[in-house]
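Next come the chains, spelled out residue by residue.
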Amino acid sequence: MTKDLTVGNPSKVLWQFCMPLLGSVLFQQMYNLADSLIAGKLIGENALAAVGNSYEITLIFLAFAFGCNMGSSVTVSKFFGAGKFRSMKTAITTACLFTGAICVVLMAVGLLGSDALLSVINTPAELFADSRLYLDIYVWGLPFLFFYNIATGIFSALGDSKTPFYFLAVSSLANIAVDIWFIKSFHMGVAGVAWATFICQGLSCIAAMVVVFRRLRLIEPTVKAPLFDGGILKQIMSIAIPSTLQQSFISLGNIVIQTLINGFGAPVVAGYAASVKLNNMVITSFNTIGNGISNYTAQNMGAGKLERIPAGMKAGVKMVWMLTVPVTLLYVFGGRVILNLFIDQPTPLAMNTGIIFLRILSPFYIICSVKMIADGILRGAGLMKQFMAATFTDLLLRVVMAMIFSVTVLGATGIWCAWPIGWCTGTVMSIVYYRKGPWRKHLKKGEAKPADTSSE
């Protein structure tokens, strides 16, 4: 099943395309939320802290997987929008070969360097063994993580956002069941949490890749496409490398911040581990809608329909704002109730840490969400220098201000205050870059309706 995002009312098209993506990311977040919730409830506060501590390192691997996803997705979207199906098929196989090579290198780094990585972030002694165990098992599952991301990127590029949703729904629910089974029945502790993710993500990856290649055979089946093309690889890398660097520097920034937090002790680490998962669920939801906007932008750029892009921006902002308001109210007024789901008999310090974190960050989601939509358009249009400038400024401010505020009387609370500073600055930059894009003449006309607004 494919969908052409270059025809039809832009708002309707994006709602239909992005809502399954949003559902998919919610189920994707259930992997990490389930790990933290079950570890905190069924094993203990230190297990929750160990999983959260390892999570900051796994974000580096996720950054590379995300880069491969976006590089392949945007490139395939442009070929699909332009009707160049032979090049589209070559782009997919080229992306798979490129991803496999990256994955092998990262597995070697992860398996040989887990102790060093955990030492760098100043992991507390009581968390070190469990953090290393979780991380080692996670690294063995990297091929599943990477190729599943490639599969979902291809589905999105072809305008299909429903298939990834179905895979993730089944896989995430299975992950919760296997988590509980391994911990309660086999008493596997943190290892059970890691192996549950490994198994469920692995099965989902294999099924997704099988469906991808079966579907490709149905698109102009008589067309024979080369397995690899150096020129197409350059196109993929032009998106993948900046996207990876963006996520990598965010991850490195998070590691610096995690190091600062680890200095305040295990209760603060546990409170942060629970609340940051809730925060990441929201930010990832914004980012996923932004990724959908990237596919929409790339298809329309490939088809030469730049007049549809401003309407996509407006529709994307409406979507994220509808999500932002209820989540902000929930986190500000119901943070204690939600955090109690993660930590069994929490210490007062762990609970207060989580509550303060959510109350400081969540009111700024309405600003951060706009940046994610603008960034999605910049990335889909291939304006990666502008995209990187806004992202790096946000990250740099966040890390520097966290380092400064953490040594003041604010302590750990000062670290949380750094987030909104980076978000606000980055948002202003992303909007400025968006308004200078190649579609600016349509902005000057008051974002008039695109020529094609017929229903699907």
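Conventions we followed
- Residues numbered from 1 in each chain as written.
- Predicted model: local features only at pLDDT ≥ 70, side-chain atom pairs only at ≥ 80, totals over all residues.
- Heavy atoms only, no water.
- Helix = DSSP H or I, 4+ residues; strand = E, 2+ residues; numbered from the N terminus.
- Rg over C-alpha atoms; globule rule 2.2 N^0.38 Å.
- Buried < 20%, exposed > 50% of the residue type's maximum accessible area, 1.4 Å probe, protein only.
- Contact = heavy atoms within 4.5 Å.
- Core = buried A, V, L, I, M, F, W, Y, C linked by side-chain atoms within 4.5 Å.
- Axes fitted to C-alpha atoms, helices over the stretch in contact; angles between N-to-C directions.
- Parallel < 35°, antiparallel > 145°, perpendicular 65-115°, else oblique.
- Left-handed = near helix turned anticlockwise from the far one by under 90°.
- Expected span 1.5 Å × (residues − 1).
- Bend = angle between axes of the 7 residues up to and from the residue.
- Salt bridge = Lys/Arg side-chain N within 4 Å of Asp/Glu carboxyl O.
- pLDDT = per-residue confidence, 0-100.
- Phe/Tyr/Trp six-rings, centres within 6.5 Å; stacked < 30°, edge-to-face > 60°.

Trainee: Is there a simple way to explain the overall build of the protein chain in this structure?
Mentor: Helices and strands together make up the secondary structure of the protein chain, namely 15 helices and 0 strands. On C-alpha atoms alone, the protein chain measures out to a radius of gyration of 21 Å, which is about the 23 Å that the 2.2 N^0.38 rule sets for 456 residues. Principal-axis analysis of the C-alpha atoms places the extent of the protein chain at approximately 60 × 45 × 35 Å. Every one of the 456 residues in the protein chain was classed for burial, and the buried ones make up 59%.

Trainee: Hey, could you run me through the environment of Leu 14 in this one?
Mentor: Structurally, Leu 14 can be placed in helix α1 (residues 10-43). Judged by relative accessible area, Leu 14 falls into the buried class, the value being 0%. Residues within four places of Leu 14 in sequence aside, it is in contact with Met 19, Gly 292, Ile 293, Tyr 296, Gly 312, Ala 315 and Met 319.

Trainee: How should the nonpolar core be read in this particular structure?
Mentor: Side chains that are nonpolar tend, in soluble globular proteins, to be buried together. Counting 72 residues, the largest nonpolar core has Tyr 331, Trp 416 and Trp 419 as its most contacted members. The element that contributes the greatest number of residues to this core is helix α9 (residues 266-302), accounting for 15 residues. Excluding residues within four positions of it along the chain, Tyr 331 makes contact with Leu 278, Asn 279, Met 281, Val 282, Ile 338, Leu 358, Arg 359, Ser 362 and Tyr 365. Listed in part, the 48 residues of the second largest apolar core include Met 88, Cys 96, Tyr 138 and Leu 233.

Trainee: Quick question: what am I supposed to make of the packing of helix α8 (residues 230-262) against α9 here?
Mentor: Two quantities define a packed helix pair, namely the angle between the helix axes and the distance between the axes. One way to put it is that α8 packs onto α9 with a least axis distance of 11 Å and a crossing angle of 160 degrees. As the angle between them shows, α8 and α9 are arranged roughly antiparallel. Of the two possible hands of crossing, α8 and α9 adopt the one that is right-handed. Across from Gln 247, Ile 257, Gln 258, Ile 261 and Asn 262 in α8, the residues of α9 making contact are Val 268, Val 269, Tyr 272 and Asn 287.

Trainee: Sorry if this is basic, but what is going on with α8 here?
Mentor: In an α-helix there are 3.6 residues to a turn, and that puts residues three or four apart on one side. For α8, which comprises 33 residues, the first-to-last C-alpha distance of 44 Å matches the rise-based estimate of 48 Å (1.5 Å per residue) to within 8%. The sharpest bend along α8 measures roughly 30 degrees and falls at Met 237.

Trainee: Help me out: how do you make sense of the pattern of salt bridges in this one?
Mentor: Opposite charge on two side chains lets them pair, provided their charged atoms get close. Tallied over the entire structure, the rule returns 4 salt bridges. Salt-bridge contacts for Arg 215 lead to Asp 160; the nearest nitrogen and oxygen are separated by 2.3 Å. Placement of the pair is Arg 215 in helix α7 (residues 190-218) and Asp 160 in the loop between α5 (142-157) and α6 (162-186), with a sequence separation of 55 residues. Each member of the pair Arg 215 and Asp 160 is classed as buried. The closest approach of N and O atoms between Lys 371 and Asp 375, which form a salt bridge, is 2.6 Å. With Lys 371 and Asp 375 both in helix α12 (residues 365-380) and 4 residues apart, the pair spans about one turn of that helix. Residue classification places Lys 371 among the buried positions, given a relative accessible area of 5%.

Trainee: Teacher, can you tell me more about the environment of Gly 230 here?
Mentor: Along the polypeptide, Gly 230 turns up in helix α8. We classify Gly 230 as partly exposed; its relative accessible area is 35%. Along the sequence, Gly 230 and Pro 363 sit 133 residues apart, while their C-alpha atoms lie 46 Å from each other.

Trainee: Would you mind showing me how to read the confidence of the model for the protein chain here?
Mentor: Do not read the fine detail of predicted coordinates wherever pLDDT is low. Summarising the model, the protein chain shows a mean pLDDT of 86, and 92% of its residues fall at 70 or more. Low pLDDT (under 50) marks residues 446-456, which in the prediction has 27 contacts with non-local residues, meaning those over four places away or in another chain.

Trainee: Explain the packing of aromatic side chains here, please?
Mentor: When we look at a pair of aromatic rings, we describe it by the centre distance and by the angle of the planes. Evaluated as defined, the whole model comprises 17 aromatic pairs. When the ring of Tyr 272 is compared with that of Phe 357, the centres are 5.7 Å apart and the planes differ by 80 degrees; the resulting orientation is edge-to-face. Residue Tyr 272 is located in helix α9, and its partner Phe 357 is located in helix α11 (residues 348-361); the two are separated by 85 residues in the primary sequence. The class of Tyr 272 is buried, set by a relative accessible area of 1%.

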